[in-house]
Every structure is written in C-alpha cells, then in structure tokens.
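Inside the fold
The primary structure of each chain is shown beneath.
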Amino acid sequence: MADETSPAATLLRTDFERVLTGWLKAQAREGVKRTDLVSAKETEQQSRELLGVLASAMENAAVDDGFDFRKPVWDQFRETLEAVTESRTQRGVTPKEMGWFIASLKQPLFDLLQPILAHDPEAFTAEIWDTTRVIDQIVLQAVEYLVQKREAVIERQQAEMTEVSAPVVKIWDRIVTVPLIGTLDSFRAQAVMENLLDSIVQWEAEVAIIDITGVSTVDTLVAQHLLKTAAAVRLMGAECVICGISPKIAQTIVNLGVELPNIITRVDLESGLAYAFERIGVSVKES
C-alpha cells in the first residue's frame, strides 16, 4: 500500500474522463491512433481499460523511488496491458506505435497536473519525474510484450512452413518419398528426418526416398544430416534412397570430403522408384 496517494493517482480518480479525453486526443496528435488497424471505438475501449487499471494500481502502489512494476499490486494492470498488446500485435501495430500509444498519456497528465501543483514548483517537478518513471516502465513492458508476441507468431509460422516444405508422401504401399525444393539448411534437414521417421512408422514403409533434385546447394552440415537420416531410417528397418544429386552437389560433397558409405543413390526419382519397387518385390511392366 502506498504511504501517500500521489497527485497523479488522485487526478486519475477525480478527473478520469478528462484524462481519457486528453489521452485520446494526444494519440491522434502523435499519429498513433491507427484507425486503419484498430477502430476508434476499440481504441477508446482499450484506453479506458488501461487507464482504469492504472488508476487502481497507482492508488495502492509506490510511484516514487520505491516504484517496482513487478509487485503484485501491478498484476491486473500487467494482464490488461498484455491483452491489449496482443490484440494490437494481431492487427499489425508496430513496436514504435505501441510505445507511443502509451507514452502519449504523459501530455494530458502533465497538462492537468500543472495547475494543481502550480503553487509548488518542486512538487510539480517531482511528480512529473515520478509519473514519467511509471509511464516509461509501462512503455518498455508493452514493447517487450509485443516483441514476445511477434516472436511467437514468427516461430509458429516457421514451424508451419518447415512442415509444409518437407512433406512426406506415400507413393506406393511400403514406399514413401520426401521431395525437397530450394535451400536445404540444417534446421530443415532436421525436420526432414523427424517427419520421415514418423511416416515410416505410420505407413510401415520399407523404402524411403529422399529426392533432392530441386535442392541447389548442400553444405557439410546438411550432408551430415542426410547421412544421419539414412542411418536412422536403417535403424527403423527400412532402406533409404537419395536421388537427384546434381553434378554441382556431387562435386561439393566430394570437395567437402564427405563420404556416403552404404547409402543408396540414384540419378533421378524414376531410378529411385525402380530401385524401391525391386526392393519390395513389385514388378512394373510397360503397357
């Protein structure tokens, strides 16, 4: 519990609507009232909610040198701030715009505090400093929330893209293939291994074909991943066939000194399929 309610906290309690109106005007003036992303009605609602929980917290929390945004008295405010930040992140609001959205609250507070403390310049200066400290901490927390939300979205999108970029296809009974196109990095190569092993179990495959016809480059780490994938496939009781190795990739693998012991390779997918059919005892005749 704060020893003494600050003038800013008192102002929020006694003149809430004027502060809110001033804040909304400041948002428009600073160019952070993004009505193209967040409607005016929703912006007012979010501003009202934030200002309400801020008023409640400041009435019961120290805002001077003892201010600590991590204390339980700020829990409800942090929850509301995180919810507002998540909503704005989904709409495409940038970290800079989110920061100014909060920071624009300073001006109306300072304007309304000035006549209240005009008789005591020192008290006014101290209150300005304390209020600035609180709002700046809120800005930093809001930006941190926004960055965390965006990173989570990016990680989820990367995982989804990796899954789509390394699909395992069942092309025949007991035969699966992974057609790869584009750049094959270590992260994607690891995803290929995981997806392929899961599919071998799911479809009881005996032959797994990795088609790298559409892969432009392979480095040492990727080559090692392919070796590990082939070894893992054998441990699962299946045979791994790598097909579509281009002359450029073949030269790269040789120059890197990477050996492919006990790895079945074929020039293209057709040759890989022919080997796979032979391996499972299926005869294919031309009509």
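If you're wondering where the values come from, they're calculated on a predicted model, not measured in any experiment. (Residues numbered from 1 in each chain as written. Predicted model: local features only at pLDDT ≥ 70, side-chain atom pairs only at ≥ 80, totals over all residues. Heavy atoms only, no water.)

**Section: unusual backbone geometry**
Backbone geometry at Arg174 places phi at a positive 75°, although glycine is not the residue there. Within the chain, Glu204 stands out as a residue other than glycine whose phi angle is a positive 50°. Counting through the fold element by element, Glu204 comes out in the loop between helix H8 (186–203) and strand E3 (207–215). (Helix = DSSP H or I, 4+ residues; strand = E, 2+ residues; numbered from the N terminus.)

**Thoughts on the pairing of strand E1 (residues 169–172)**
Two strands pair when backbone bridges link them, and E1 and strand E2 (residues 175–182) are joined in this way by 3 bridges, in the antiparallel orientation. Looking at E2, one finds that Trp172 is bridged to Ile175. Here E1 folds back onto E2, and the loop between the two strands holds 2 residues, one of which, Arg174, carries a positive phi near 75°. (Pairing = 2+ DSSP bridges.)

**Quick notes on the pattern of salt bridges**
Side chains that differ in charge, positive against negative, can pair when their charged atoms come close. The tally for this structure, following the rule as stated, stands at 14 salt bridges. The partner of Arg78 in a salt bridge is Asp75, and the shortest N-O contact between them spans 2.2 Å. Of this pair, Arg78 and Asp75 both sit in helix H4 (residues 75–91), 3 residues apart, which is roughly one turn of the helix. Across the salt bridge formed by Glu86 and Lys149, the nearest N and O atoms sit 3.8 Å from each other. With Glu86 in helix H4 and Lys149 in helix H7 (residues 121–165), this residue pair connects regions lying 63 residues apart in the sequence. In this structure, a network of salt bridges that share partners links the residues Glu17, Glu44 and Arg48. (Salt bridge = Lys/Arg side-chain N within 4 Å of Asp/Glu carboxyl O.)

**Focus on empty space enclosed by the protein**
The full count for this structure, using the stated rule, is 2 cavities of 30 Å³ or more. By volume, the largest cavity is sized at about 60 Å³. In terms of lining, the largest cavity is formed by Trp23, Leu50, Leu51, Leu54, Phe77, Ile102, Leu105, Ile135 and Ile138. Secondary-structure elements contributing two or more residues to the lining of the largest cavity are helix H3 (40–60) and H7. (1 Å grid on protein atoms, 1.4 Å probe; cavity = no way out; pocket = protein on both sides within 12 Å on 5 of 7 lines; lining within 4 Å. Points joined across faces, edges and corners; volume = space filled by probe spheres on them.)

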